[in-house]
Amino acid sequence: RDIVAGTNKYKTRRCEDIVKEVMEVMAVHKRCGSILGGIHLEVTGQETVTECLGGCMGITEKQLETNYETYCDPRLNYAQSIEAAFSVAREAKRARTA
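Cut-offs and rules
- Residues numbered from 1 in each chain as written.
- Predicted model: local features only at pLDDT ≥ 70, side-chain atom pairs only at ≥ 80, totals over all residues.
- Heavy atoms only, no water.
- Helix = DSSP H or I, 4+ residues; strand = E, 2+ residues; numbered from the N terminus.
- Axes fitted to C-alpha atoms, helices over the stretch in contact; angles between N-to-C directions.
- Parallel < 35°, antiparallel > 145°, perpendicular 65-115°, else oblique.
- Left-handed = near helix turned anticlockwise from the far one by under 90°.
- Contact = heavy atoms within 4.5 Å.
- Nonpolar A, V, L, I, M, F, W, Y, C, P; charged D, E, K, R; others polar.

Peer 1: Help me understand unusual backbone geometry in this model?
Peer 2: Trans is the common state for peptide bonds, and a negative phi is the common state for residues other than glycine. Positioned with a positive phi, K9 is a non-glycine residue whose angle comes to about 70°. In this fold, K9 is placed in the loop between β1 (3–4) and β2 (11–12).

In C-alpha cells form, the structure reads like this:
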C-alpha cells in the first residue's frame, strides 16, 4: 500500500511495511497448505535512490527529495532490496524447518 509523505507529497512506502506484508502472505499460505510461488518487489540497483522510507539506511520523508526518480511506483534502493530479500529468505527457511 503506497502512502503520500505528508511533508512533501511524494508517493512512497515504508520498507518495513513491505517486508511485513510479504511475511503475512507467507503465513497465510502456510496456514492454507499452499505454496507462495514468488514475490515481486519494485527495486533498483542504484544505491542512492530515495523513494522508500526506512530500511537499514533509515530514509526519512525529508530525504525522499534527495534522489526521488520514479514516475510511477516507489522502488526499494539497493540496500533496502537486499535487506528485504534476506528477511524473506530467513522467514522461508524458518517456515520450512518449523
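Peer 1: Teacher, can you tell me more about the packing of helix α1 (residues 15–32) against helix α3 (residues 78–97) here?
Peer 2: The description of two packed helices rests on the angle between their axes and on the distance between the axes. Where α1 contacts α3, the two axes come as close as 10 Å, and the packing angle between them is 20°. Taken as axis vectors, α1 and α3 run roughly parallel relative to one another. Where α1 crosses over α3, the handedness of that crossing is right-handed. On the side of α1, the interface is formed by C15, V19, V22, M23, M26 and K30, while α3 contributes Q80, E83, A84, S87, V88, E91, A92 and A95. The class makeup of the residues in the contact of α1 with α3 is nine nonpolar, two polar and three charged.

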